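As a plain string of letters, each chain reads:
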Amino acid sequence: MWASMVLISLLGGVDASAGESRRLKKQAIALRSDCHEGHMDRCMDLADMTRHGHGMDVDKGGAAALYRQGCVEGRARGCMGLAELTLSGEVAGDRAESIENLRLTCA
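Here is what the cut-offs are and how they apply
Residues numbered from 1 in each chain as written. Predicted model: local features only at pLDDT ≥ 70, side-chain atom pairs only at ≥ 80, totals over all residues. Heavy atoms only, no water. Helix = DSSP H or I, 4+ residues; strand = E, 2+ residues; numbered from the N terminus. Buried < 20%, exposed > 50% of the residue type's maximum accessible area, 1.4 Å probe, protein only. Contact = heavy atoms within 4.5 Å. Areas by Shrake-Rupley, 256 points an atom, 1.4 Å probe, with all protein chains shown as cover. Salt bridge = Lys/Arg side-chain N within 4 Å of Asp/Glu carboxyl O. Expected span 1.5 Å × (residues − 1). Polar contact = N/O pair within 3.5 Å; in protein donor to acceptor, adjacent residues only side chain to side chain. Axes fitted to C-alpha atoms, helices over the stretch in contact; angles between N-to-C directions. Parallel < 35°, antiparallel > 145°, perpendicular 65-115°, else oblique. Left-handed = near helix turned anticlockwise from the far one by under 90°. Disulfide = S-S within 2.5 Å.

Enquirer: Outline the overall build of the protein chain, supporting the account with residue identities and numerical values.
Expert: The helix and strand inventory of the protein chain stands at 5 helices and 0 strands. Along the protein chain, helices and strands appear, N-terminal first, in the series α-α-α-α-α. Split into buried and exposed, the 107 residues of the protein chain put 28% on the buried side. In the protein chain, of all internal contacts separated by at least 6 residues, the share reaching a separation of at least 24 is 32%. Accessible surface computed for the protein chain: about 6,800 Å², of which carbon and sulfur atoms make up 59%.

Structural data, given as structure tokens:
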């Protein structure tokens, strides 16, 4: 009896994890669609998900491109995300430009 309850609870945890994964994938698809339609805040959400691999494979370069686009359009979140990736060495980029973007964003 005890073993079957443990097994059921373990399987329930696996199902919950799979459900969360499906939810994140659906969210990523919706964000991608909204981003392509020009909703920059949704692009920044997608960049965060791409950077950390929530609902998709981790893609630091793809996240950096989205952050760069946001930074060009004046989004502090984009400048911050791009600077974090560049200054930490997770993506190649101009460190001086990243620092200048941070200065301008924080001013």
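Moving on from the coordinates now.
Enquirer: Break down the pattern of salt bridges for me, citing the residues and quoting the values.
Expert: Inspection of the entire model under this criterion finds 8 salt bridges. For the salt bridge of Arg77 with Asp48, the shortest nitrogen-to-oxygen distance reads 2.3 Å. With a gap of 29 residues between them, Arg77 in helix α4 (residues 76-87) and Asp48 in helix α2 (residues 40-52) connect regions that are remote in the sequence. With a relative accessible area of 36%, Arg77 lands in the partly exposed category. Several salt bridges converge on common partners, so that one network encompasses Asp45, Asp48 and Arg77.

Enquirer: Summarise helix α3 (residues 60-72); cite the residues concerned and give the values.
Expert: Compared with the 18 Å implied by 1.5 Å per residue over 13 residues, the 18 Å span of α3 between its first and last C-alpha is a close match. A distance of 3.4 Å separates the backbone nitrogen of Gly61 from a side-chain oxygen at the start of α3, and that oxygen is part of Asp59. Trailing α3 by a residue or two, Gly74 shows a phi angle of about 85°, which is positive.

Enquirer: Let's hear about the packing of α2 against α3: which residues, and what values?
Expert: Viewed as axis vectors pointing N to C, α2 and α3 meet at an angle of 155°, and their least axial separation amounts to 8 Å. One finds that α2 runs roughly antiparallel with respect to α3. For the pair α2 and α3, the crossing hand works out as left-handed. Only Lys60, Gly62, Ala63, Leu66, Tyr67, Gln69 and Gly70 of α3 make contact with α2, whose side of the interface consists of Met40, Cys43, Met44, Leu46, Ala47, Asp48, Thr50 and Arg51.

Enquirer: Hey, could you go over the state of the cysteines for me, with residue numbers and the actual values?
Expert: A full pass over the atoms with the stated rule returns 2 disulfides. Bridging Cys35 to Cys43, the disulfide has an S-S length of 1.9 Å. Across the S-S bond of Cys35 and Cys43 the torsion is about 105°, and the bridge reads as right-handed. The exposure classification of Cys35 matches that of Cys43, with both residues buried. A disulfide bridge connects Cys71 with Cys79, and the sulfur atoms are separated by 2.0 Å.

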